[in-house]
Amino acid sequence: MQLGWDWNITWNSLPVLLDGLRVTLLATGGGMLLALVLGLLLSILRRSDSRWISWPTAGAIEFIRSTPLLIQLFFVYFLLPEFLWYGPLTTGILVLGLHYSSYTSEVYRSGIESVDRGQWDAARALNYAPRRIWTRIIIPQAIPPIVPAMGNYLVAMFKDTPLLYAITVQEMLSEANNYNSRVGSYVESYTMVGLFFLILSLGAAALIRWAEHRFQLREA
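For clarity, every value in this text was computed on a predicted model and none was experimentally measured.

K.L.:
Residue-level account of the overall build of the protein, with values.
P.N.:
Looking only at helices and strands, the protein features 8 helices and 0 strands. Secondary structure elements in the protein, listed N-terminal to C-terminal, are α-α-α-α-α-α-α-α. By residue count, 39% of the 220 residues in the protein fall in the buried class. When contacts within the protein are restricted to residue pairs at least 6 apart in sequence, those whose partners lie at least 24 apart make up 77%. When the accessible area of the protein is evaluated, it comes to approximately 12,600 Å², of which 64% is carbon and sulfur surface. Here the protein contributes 16 positively and 15 negatively charged side chains, and the mean placements of these two sets differ by 11 Å.

K.L.:
Quick rundown of the packing of helix α1 (residues 7-46) against helix α7 (residues 172-183)? Include the residues and the values.
P.N.:
Two elements in contact, α1 and α7, have axes whose closest approach is 7 Å; the angle formed by their N-to-C orientations is 150 degrees. Considering the angle they form, α1 stands roughly antiparallel to α7. Regarding α1 and α7, the two cross each other, and that crossing is right-handed. On α7, the residues that touch Ile9, Asn12, Ser13, Val16, Leu17, Gly20, Leu21 and Thr24 of α1 are Met172, Glu175, Ala176, Tyr179, Arg182 and Val183. Across the contact of α1 with α7, the residue classes tally to 8 nonpolar, 4 polar and 2 charged.

K.L.:
Explain the packing of α1 against helix α2 (residues 51-66) to me, using residue names and the numbers behind them.
P.N.:
Contact geometry for α1 and α2: axes closest at 8 Å, N-to-C directions at 135 degrees. By the criterion of interaxial angle, the relationship of α1 to α2 is oblique. Mapping the contact onto sequence places Leu42, Leu45 and Arg46 in α1 and Ile53, Ser54, Thr57, Ala58, Ile61 and Glu62 in α2. Across the contact of α1 with α2, the residue classes break down as 5 nonpolar, 2 polar and 2 charged.

K.L.:
Just give me the short version of unusual backbone geometry, but keep the residues and values in it.
P.N.:
Even without glycine at this site, Thr168 takes up a positive phi of about 70 degrees. Overall, the relative accessible area of 44% leaves Thr168 in the partly exposed class.

K.L.:
Give a description of α7 that names residues and reports values.
P.N.:
With 12 residues, α7 should reach 16 Å at 1.5 Å per residue; the first-to-last C-alpha distance of 17 Å fits that figure. Those residues of α7 not exposed but buried are Met172, Ser174, Glu175, Ala176, Asn177, Tyr179 and Asn180. Looking one or two places after α7, you find Gly184, whose phi comes out positive at around 75 degrees.

Rules of the game
- Residues numbered from 1 in each chain as written.
- Predicted model: local features only at pLDDT ≥ 70, side-chain atom pairs only at ≥ 80, totals over all residues.
- Heavy atoms only, no water.
- Helix = DSSP H or I, 4+ residues; strand = E, 2+ residues; numbered from the N terminus.
- Buried < 20%, exposed > 50% of the residue type's maximum accessible area, 1.4 Å probe, protein only.
- Contact = heavy atoms within 4.5 Å.
- Areas by Shrake-Rupley, 256 points an atom, 1.4 Å probe, with all protein chains shown as cover.
- Lys, Arg positive; Asp, Glu negative; His and termini not counted.
- Charge placed at Lys NZ, Arg CZ, Asp CG, Glu CD.
- Axes fitted to C-alpha atoms, helices over the stretch in contact; angles between N-to-C directions.
- Parallel < 35°, antiparallel > 145°, perpendicular 65-115°, else oblique.
- Left-handed = near helix turned anticlockwise from the far one by under 90°.
- Nonpolar A, V, L, I, M, F, W, Y, C, P; charged D, E, K, R; others polar.
- Expected span 1.5 Å × (residues − 1).

Structure follows, in structure tokens:
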């Protein structure tokens, strides 16, 4: 195993790592999109007046939040029947989306509860349909305050994608390990993986702050 720094190995590793980065970004984007959709659905179901809907939904959210993401990946990938097998990347996206939907649902809930009660009463007084109340009145007001929290979960999901290596997804860390085994050096590729995560996480954080500022200006 080589311990020194070799620039030739560093430059040669870049195409491999960029291939892995593409998969990492795909898993993050797909997982976050799923988490946003499922999170909103779970939040609405948890607010149901029926205990037969709200209680099981709350229980499912707490169960998902209280179990490790890695265990969920193993369970879905290795233990579900073959007819439910979707392939490593698809499984990773589904599990990431489901896991983080339990967190985004709570963020949605806080945003929805921040909407003034008078908005609900006024909409019902005007005899608006429930769908119109949600899509035209409640959700547009609930989204701006929760942008920073949603952004934080996006960054957290991005940093959790190396766990997909455990179910053979060829993301950035997996590609780095494969490359390491061929060249017999670990310092360069692991350092580059860390730098990619650092740069993209900082860039995403800056973009989130910009979006938060824009929403604040729009509200003002």
